Amino acid sequence: MLRDAAYRSIRDAIVDGTLAPEERLNDADLISWLGVSRTPIREALTRLEQSGLVQTKPGRFTIVSPLDVRETRAAQSVAAAMHELAVREAVPVLSAQELDAMRGANERFAAALRRNDAAAALAADDEFHDVAITASANPVIRSVLEQVTPVLRRLERLRFSTLTGRGSVAMHDEIIELCAAGDAERASVAARKNWQALEPLLDAEPDLDGPDQ
């Protein structure tokens, strides 16, 4: 659908920094850029506001949300819990092919980090975690993650562009080993810790604070 395509295009531009924090979003410019009418643009912006990526003042302006520590921490907490649950539910049903898919995604993730390619690293990271999300067969997990993950992705681009992202490769390896061993409890805890690993970057990035802090 047009609104979904518009949503993804604007979301990705915000996540990758093409649309900067606090940049004004003009309907006419977005219509020209995306080649769609105003209706799917407005629907996409409403959805992005619900995800915390844009802010609107009706009749005045729409801007890209500034990076905000409190909102990012909240999103991180929910994401960590959802990935923990996904792995716990997935482990009993994971196939050998799915474990191989996780290994392949982690290899691509590591290679992208070596190239300092944050976009490719995020894509591979998505592939890695999506194996458990899909295997869990829990639609609520996917729905919640689609809501909170974009907020984290802006932060993760910073993380995966630095050496701090390298630790995720080893964390992924640990998750795979525990999944292969059928240890749902320890694998799910490892998945939660993987997402909690963003904490040091939050603590180290005072510029993420919103304007009212």
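Remember, it's a predicted structure, so these values are computed and weren't measured experimentally.

Novice: Got a minute to help me understand the pattern of salt bridges in this structure?
Specialist: Where charged atoms from two side chains of opposite charge come close, those side chains can pair. The tally for this structure, following the rule as stated, stands at 14 salt bridges. One salt bridge connects R186 with D183, and the closest N-O pair in it is separated by 3.7 Å. For R186, a relative accessible area of 52% translates into the label exposed. Salt bridges sharing common partners tie together E84, R88, E185 and R192.

Novice: For this particular structure, what's the right way to read the nonpolar core?
Specialist: One broad trend across soluble globular proteins is that nonpolar side chains are buried collectively. The biggest cluster of nonpolar side chains holds 31 residues, and the ones touching the most others in it are I10, I14, L19, L25, L45, L48 and L145. If you list the elements that add at least two residues to this core, you get α1 (2–15), α3 (38–50), α4 (69–90) and α7 (139–160). If sequence neighbours within four positions are ignored, L45 has contacts with I10, L25, D27, L30, V54 and T62. Counting 19 residues, the second largest nonpolar core, distinct from the first, contains L99, F128, A187 and A191.

Novice: What should I look at first to understand the layout of surface pockets in this one?
Specialist: The method is simple in principle: a probe with the dimensions of a water molecule rolls over the atoms, and the space it marks as empty is what remains. Roughly 670 Å³ of volume is contained in the largest pocket. As for the largest pocket, its lining consists of 26 residues, and the residues nearest its centre are R11, D126, T149, P150 and R153. In terms of residue count, the dominant contributor to the lining of the largest pocket is helix α6 (residues 118–136) (nine residues). Counted by class, the lining of the largest pocket contains nine nonpolar, three polar and 14 charged residues.

What counts and how
- Residues numbered from 1 in each chain as written.
- Predicted model: local features only at pLDDT ≥ 70, side-chain atom pairs only at ≥ 80, totals over all residues.
- Heavy atoms only, no water.
- Salt bridge = Lys/Arg side-chain N within 4 Å of Asp/Glu carboxyl O.
- Buried < 20%, exposed > 50% of the residue type's maximum accessible area, 1.4 Å probe, protein only.
- Core = buried A, V, L, I, M, F, W, Y, C linked by side-chain atoms within 4.5 Å.
- Helix = DSSP H or I, 4+ residues; strand = E, 2+ residues; numbered from the N terminus.
- Contact = heavy atoms within 4.5 Å.
- 1 Å grid on protein atoms, 1.4 Å probe; cavity = no way out; pocket = protein on both sides within 12 Å on 5 of 7 lines; lining within 4 Å.
- Points joined across faces, edges and corners; volume = space filled by probe spheres on them.
- Nonpolar A, V, L, I, M, F, W, Y, C, P; charged D, E, K, R; others polar.

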